[in-house]
Amino acid sequence: MRDFARLYNELDATTATLGKLEALKRYFSHVEPANAAWAVYFLAGGKPRQTISTKFLRQFSTEMSGIPEWLFDECYQAVGDLAETIAHILPPPSHETSIPLANWMEERIIPLRNETPEKTREALFSYWNELETQQRFVLIKLISGAFRVGVSKLLVVRALSELAGLDAKIIAQRMMGWTDSALQPSAERYSLLIAAQSEFEHRNKDGHPYPFFLAHPLQISPQADPQVLGDIRQWQIEWKYDGIRAQLVQRNGQSWLWSRGEDLITDRFPEISGISLPDGTVIDGEIVIWKNGSPAPFADLQKRIGRKSLSSRILNEFPAAFIAFDLLEHRGQDIRHIIQSERRSRLKDVVCSIDVPGLILSPLVDAPDWHRLGIMRNTSRSRAVEGMMLKSVSAQYGIGRTKERGIWWKWKIDPYTVDAVLVYAQRGHGRRASLYTDYTFAVWDSGGSGDSDPPGERKLVPFAKAYSGLTDREIARVDAVIRRTTIEKFGPVRSVRPTMVFEIGFEGIAPSPRHKAGVAVRFPRMLRIRDDKKVDEADTLDMLKAMLPNPYRKAALTSSVGSPP
Amino acid sequence: MAGPRRTWGVYMADLVVARKEGLFCEPGQFYIDPWQPVDRAIITHAHADHARPGHTHYLAALPGADILKSRLGDIQLETLAYGEHVIHNGVTVSFHPAGHVLGSAQVRLEYRGETWVVSGDYKLEPDGTCDSFETVPCDTFITESTFGLPIYRWQAASDIFKDINVWWRSNAEKGRASVLFCYAFGKAQRILNGIDNSIGPIICHGAAETLNRIYRNAGISLPDTLTVSDASSKAGFREALVIAPPSSAGSPWLRRFGDYSDAFASGWMLLRGARRRRAVDRGFVLSDHADWPGLMRAITATGAQRVIVTHGHVDVMVRWLRENSLDASAFETEYGTNEEDNAAENESVAFKESHA
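Because the structure is predicted, anything quoted here is derived from the model rather than measured.

Student: Would you mind going over the overall build of chain B with me for this structure?
Tutor: Scanning chain B for helices and strands turns up 10 helices and 18 strands. Counting across all 356 residues of chain B, residues that qualify as buried make up 60%. With the model as given, the accessible surface of chain B reaches about 13800 Å², and the carbon-plus-sulfur share is 48%.

The following block contains the structure:
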């Protein structure tokens, strides 16, 4: 645990990629394979089920440190992280042990899942008593299932490939499914991960997907500057669907559906995993809800994601489809090195040979020049898509955000925007702990909404929370205003006198009976502080509702009539 | 010298009260660390939030005299050695070491058999740059609470100096300067006094060097330090430890050190959030204030039945002390607005931006 805690510390302390890479290599070059296996699991984003509930962690740590609950809460407010708070309030350890990570996990942490609270309490007291603050912090993160550190999976891959002297692509492929909770990390699995390349590499894939190739956001519009991307004929252009990125894998008579987060979602979308592809086929695409020949808003897909069991009513009401846009494995061969245009033509053959409604070939967008393509892009919203994907016709299928062997650009439409008023603030977490960084925004509601209603007094209705988009300097400024204009404190939340207007951007909007404003927005974030606008000049709820997609608009506008004030 | 003749009983209730100008001793007719200009001010130490300009008469502990004069200019200053006393309007006043910075003092006030102590800022762990904190028994103790939460528990400073040495040595071996941000008065000298000066040259920013001179004159042992103009070539910077005030971050003064590693030394560095906000390579947890166990030990040791809490986590401390059977209350003060306090911490959040 000491080595792993030190590694965590080093990764956490530096923002430099090279510094992180060095720290990873130092760690993996000297730890035992069993410990390395667990380290890979956690660094690659593996999340074991929470071993001990937050409630017990709080209770046991206050008991051990002899402080009352209110004082724990004060500490938590100042620290902004549960594990860190606990690590600091516990009394100093009486002795220190050096038990390796794998033993901690397999012999000490995982067995606690089936223990009684009394036994758990006893075990925790003794564990806490043998670790210094930094190790305690990491231990609690592992126990609570909240371990997270600023390294990308790709960087772990790179460190291992440099240590093992193997191509990063091979390590990345072998690491697919590594964090699957069904498989416990082990020395043996780690040894296979870094073993010399074998000719049977391909057979070891089981049902695993390939590492996803990710697109880069396009910063300069080719419509404004046609030179940016050169000849439009060198680009394969598709719509960018707003769904779940996934790979459909068919091998050995079985199929698997994997999300981009490498979660196995085969059972969630039976109409997609049930498509019978030829053996040895892997298709990359986007899962969407498909109605009347076009994609439904993301809100509909959300109704499917959260469900454990799928009733036939849900399946009928929200039918899913897989929009296929790339072919990664064909007739049992990895074809990711073949150029985009060729993969596309083989994909077309595969999709056309299977005629099922749940499998749709992603249509190509055809335009003679960038200007006319830009005009088509402006129709994105009415097509329920997020914009366009531009793929170099000669691109190989890369790993993650690589650019070396061809590139994918995402050319998204501009977000919806609204000018809203800051009404509540809450302190942030992590590096923003003790600063007010999480804000609730409101727009003006004119009160009575029907003709027969007398117009009531205008009031601010909260509609979104946002915490990203400001620089540290701006946060410091807003934090100071919040402290100065606080009206009331409710626990960690402060209500403030409305004085600041922000431009809020968001990706989508849908009616929502659960929100006071009657609408819910997707990915809200702050675009800028509108110092030039007075609170009175902020936008209204009616303006927000006018942004609802057509099928919703009428319903939302009528349902607000007669709703309680 | 005779004070106003009024009913003594009124004064017996509270020897020190909070007024808009600052903490006021009514029978003595003087203020302690006032934040608005007054006639008579007793100063606990020379940090800017406690020692402000504009008072007519100043009284302070002798070891802090030169620092006060260098910061406040030509003031009318009387001094007392630690433990020496003076009677002012019937109130016996003496200074006792607070262990915070050179010349820092607790102020003991005795009047008609009752004793009050105003702590100023204090730290219990001894350090080589000032007299160690002395427990002064009293009836009422007015304490600071900058780090008044149980999460704050310091490691021994000697361990922190070791960590700084290791960091500096490893940078020096790679030919990178080590820029250590810390407050110029107190923290800088404590670090200079505690580190291993054989690792490489030490370069001090002018703000710290001014204080170094006063510390050296007071007989405090500090290693030789250079200013940037003393260093003959840029090559000399590469193995150097650079002591720099936080305000110098992102300044042209720092750019000359090229690709340096940076660190920040402060009690606030205990928390990951604060470390990440600073966005420096290392955070060294080194404070000139008492940690939570220190505050509790100091309060208990005075034997005071009544405790009044000033700047810091005031509400928390008051509630905790009350739950532990002490008569605790709070004074609103304007301390902690300058050096190591939260507000300053928040306002300096942006500091790395200009520094990137």
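Student: How should I be thinking about the nonpolar core in this particular structure?
Tutor: One recurring pattern in soluble globular proteins: nonpolar side chains tend to sit buried together. Of all hydrophobic cores here, the largest spans 124 residues; its most connected members are Phe4, Phe28, Leu43, Trp128 and Leu142 of chain A together with Tyr122 and Phe257 of chain B. At eight residues, the largest contribution of residues to this core is made by helix H3 (residues 33–43) of chain A. Built from parts of two domains, this core gets at least three residues from each of domain 1 (8–151 + 288–348) and domain 2 (157–286) of chain B.

Student: Is there a simple way to explain the interface of chain A and chain B in this structure?
Tutor: When the parts of a complex come together, some accessible area is lost, and that lost area is often taken as the interface size. Each partner contributes residues to the interface: chain A has 34 residues there, and chain B has 22 residues. When the two sides are added together, the surface that chain A and chain B hide from each other amounts to roughly 2500 Å², 55% of it contributed by carbon and sulfur. Our enumeration of links across chain A and chain B arrives at six residue pairs in polar contact (both at pLDDT 80 or more). Where the side of chain A that touches chain B is concerned, the elements lending two or more residues are helix H1 (2–13), helix H5 (69–79), helix H6 (82–89), helix H9 (133–143) and helix H18 (472–485) of chain A. No other element matches the six residues that H5 of chain A contributes to the side of chain A that touches chain B. Of the residues in the side of chain A that touches chain B, the class split is 17 nonpolar, six polar and 11 charged.

Student: What should I look at first to understand the domain arrangement of chain B in this one?
Tutor: All names here are of chain B. Taken domain by domain, chain B holds domain 1 (8–151 + 288–348) and domain 2 (157–286). If you average the C-alpha positions of domain 1 and of domain 2, the two centres end up 29 Å apart. Counting residues at the interface gives 24 residues for domain 1 and 22 residues for domain 2. For the pair domain 1 and domain 2, the summed buried surface comes to about 2100 Å²; carbon and sulfur atoms form 59% of the total. In this assembly, domain 1 and domain 2 are joined by three salt bridges. Two residues, Arg190 and Asp288, come together in a salt bridge whose shortest N-O distance is 2.7 Å. Joining domain 1 to domain 2, the criterion identifies four residue pairs in polar contact (both at pLDDT 80 or more).

Student: Please clarify how the environment of Asp14 of chain B should be interpreted in this entry.
Tutor: Residue and element names in this part refer to chain B. The topology assignment puts Asp14 in the loop between helix H1 (8–13) and strand E1 (16–18). Here the alpha-carbon distance between Asp14 and Val307, two residues 293 residues apart in the chain, equals 12 Å. Among all residues touching Asp14, those that are not within four sequence positions of it are Trp116 and Arg306.

Student: So what exactly am I meant to see when it comes to the sheet that holds strand E10 (residues 385–392) of chain A here?
Tutor: Hydrogen bonds between backbone atoms are what pair the strands of a sheet, whose relative direction is either parallel or antiparallel. All names here are of chain A. Taken together, four strands build an open sheet; the order of strands is E1-E11-E10-E2 and the sheet is mixed. In this open sheet, the two strands that pair with only one neighbour each are strand E1 (216–217) and strand E2 (235–241). Both E2 and E10 contribute to a ladder of seven bridges, which runs antiparallel. Residue pairing for E10: Trp235 is matched across the bridge by Ser392. Helix H16 (residues 340–353) contacts E2, E10 and strand E11 (408–412) of the sheet and is inclined by roughly 60° relative to E2. Each of E2, E10 and E11 touches helix H17 (residues 370–377); the most contacted strand, E10, lies at about 150° to it.

Student: Please clarify how the packing of helix H4 (residues 187–194) of chain B against helix H5 (residues 206–217) of chain B should be interpreted in this entry.
Tutor: A packed helix pair is summarised by two numbers, namely the angle formed by the two axes and the spacing between the axes. Residue and element names in this part refer to chain B. Close contact between H4 and H5 brings their axes to 9 Å; oriented N to C, the two are set at 65°. In the packing of H4 onto H5, the handedness of the crossing is right-handed. From H4, Ala188, Gln189 and Leu192 reach across to H5, where they touch Ala208, Leu211, Asn212 and Tyr215.

Student: So what exactly am I meant to see when it comes to the pairing of strand E10 (residues 114–118) of chain B here?
Tutor: Looking along a regular strand, one sees the side chains alternate between the two faces of the sheet. All names here are of chain B. Within E10, five of the five residues are buried, leaving the element largely enclosed by the surrounding structure. In the sheet, strand E9 (residues 105–111) pairs with E10 via five bridges, with the strands oriented antiparallel. Paired with Glu110 across the strands is Thr115, a residue of E10. Here E9 hands over to E10 after two residues, with Arg112 in that stretch at a positive phi of 50°. Bridge count for E10 against strand E11 (residues 140–145) is three bridges, and the pairing is parallel. Following the sheet pairing, Val117 is matched in E11 by Phe141.

Student: Explain the packing of helix H10 (residues 153–164) of chain A against helix H11 (residues 168–175) of chain A to me, please; I cannot follow it from the model alone.
Tutor: All names here are of chain A. Between H10 and H11, whose axes approach to 9 Å, the crossing angle comes to 120°. Of the possible angle classes, the one that applies to H10 and H11 is oblique. In the packing of H10 onto H11, the handedness of the crossing is right-handed. Contacts from Lys153, Val157, Leu160 and Ser161 of H10 reach H11 at Ala168, Ile171, Ala172 and Met175. Classifying every residue of the contact of H10 with H11 gives six nonpolar, one polar and one charged.

Student: Would you take a moment to explain unusual backbone geometry for this structure?
Tutor: Most peptide bonds take the trans form, and the phi angle of most residues other than glycine is negative. For Arg331 of chain A, which is not a glycine, the phi torsion comes out positive at approximately 50°. In this structure, Arg331 of chain A sits in the loop between strand E7 (320–330) and strand E8 (333–334). Looking at Arg331 of chain A, the relative accessible area reads 70%, which means it is exposed. One non-glycine residue, Gln29 of chain B, lies in the positive phi region at around 55°. By the secondary structure assignment, Gln29 of chain B is in the loop between strand E2 (23–25) and strand E3 (30–32). Residue classification places Gln29 of chain B among the partly exposed positions, given a relative accessible area of 37%.

Student: In this structure, what is going on with the side chain of Ser248 of chain B? I would like to understand it.
Tutor: Examined against the element boundaries, Ser248 of chain B turns out to sit in the loop between strand E14 (241–244) and helix H6 (252–255). At 2.7 Å, the side chain of Ser248 of chain B and the backbone oxygen of Pro245 of chain B are in polar contact.

Student: Quick question: what am I supposed to make of the pattern of salt bridges here?
Tutor: Pairing between side chains of opposite charge can happen when their charged atoms approach one another. The tally for this structure, following the rule as stated, stands at 46 salt bridges over all chains. Notably, a salt bridge pairs Arg346 of chain A with Glu342 of chain A, separated by 3.1 Å at the nearest N-O pair. Here Arg346 of chain A pairs with Glu342 of chain A, and both are found in helix H16, just four residues apart, close to one helical turn. The class of Arg346 of chain A is partly exposed, set by a relative accessible area of 24%. Where Arg108 of chain B meets Glu110 of chain B, a salt bridge forms, and the shortest distance between an N and an O atom there is 3.0 Å. Looking at Glu110 of chain B, the relative accessible area reads 28%, which means it is partly exposed. One salt-bridge network, held together by shared partners, links Lys123, Glu125, Asp127, Arg190 and Asp288 of chain B.

Student: How should I be thinking about the sheet that holds strand E16 (residues 282–284) of chain B in this particular structure?
Tutor: Residue and element names in this part refer to chain B. Strand order in the open sheet made by the five strands is E13-E14-E12-E15-E16, with parallel pairing throughout. With partners counted over all chains shown, the strands left at the sheet margins are strand E13 (202–204) and E16, one partner each. Taking each pair of neighbouring strands and ignoring which way they run, the sheet shows an average axis angle of 25°. Pairing of strand E12 (residues 178–181) with E14, which is carried by four bridges, proceeds in the parallel orientation. Following the sheet pairing, Phe181 is matched in E14 by Ala244. Seen against the sheet, H4 touches E12, E13, E14 and strand E15 (261–265) and runs at an angle of roughly 160° to E14.

Student: How do you make sense of the domain arrangement of chain A when you look at a structure like this?
Tutor: All names here are of chain A. Partitioning chain A into structural domains gives domain 1 (216–412) and domain 2 (416–559). Distance between the C-alpha centres of domain 1 and domain 2: 34 Å. Each partner contributes residues to the interface: domain 1 has seven residues there, and domain 2 has five residues. For the pair domain 1 and domain 2, the two sides together bury roughly 560 Å², of which 44% comes from carbon and sulfur. Taken as a group, Pro297, Phe298 and Arg381 account for 56% of the area that domain 1 buries against domain 2, more than any other trio of residues on that side. Note that Asp242 is salt-bridged to Arg522, the shortest N-O span being 2.4 Å. The biggest single contributor to the side of domain 1 that touches domain 2 is helix H14 (residues 298–305), with three residues. Taken together, the residues of the side of domain 1 that touches domain 2 break down into three nonpolar, no polar and four charged.

Calculation rules
- Residues numbered from 1 in each chain as written.
- Chains lettered and ligands numbered in written order.
- Predicted model: local features only at pLDDT ≥ 70, side-chain atom pairs only at ≥ 80, totals over all residues.
- Heavy atoms only, no water.
- Helix = DSSP H or I, 4+ residues; strand = E, 2+ residues; numbered from the N terminus.
- Buried < 20%, exposed > 50% of the residue type's maximum accessible area, 1.4 Å probe, protein only.
- Areas by Shrake-Rupley, 256 points an atom, 1.4 Å probe, with all protein chains shown as cover.
- Core = buried A, V, L, I, M, F, W, Y, C linked by side-chain atoms within 4.5 Å.
- Domains from an automatic or database assignment.
- Contact = heavy atoms within 4.5 Å.
- Buried area = accessible area lost by both parts, 1.4 Å probe.
- Polar contact = N/O pair within 3.5 Å; in protein donor to acceptor, adjacent residues only side chain to side chain.
- Nonpolar A, V, L, I, M, F, W, Y, C, P; charged D, E, K, R; others polar.
- Salt bridge = Lys/Arg side-chain N within 4 Å of Asp/Glu carboxyl O.
- Pairing = 2+ DSSP bridges.
- Axes fitted to C-alpha atoms, helices over the stretch in contact; angles between N-to-C directions.
- Left-handed = near helix turned anticlockwise from the far one by under 90°.
- Parallel < 35°, antiparallel > 145°, perpendicular 65-115°, else oblique.

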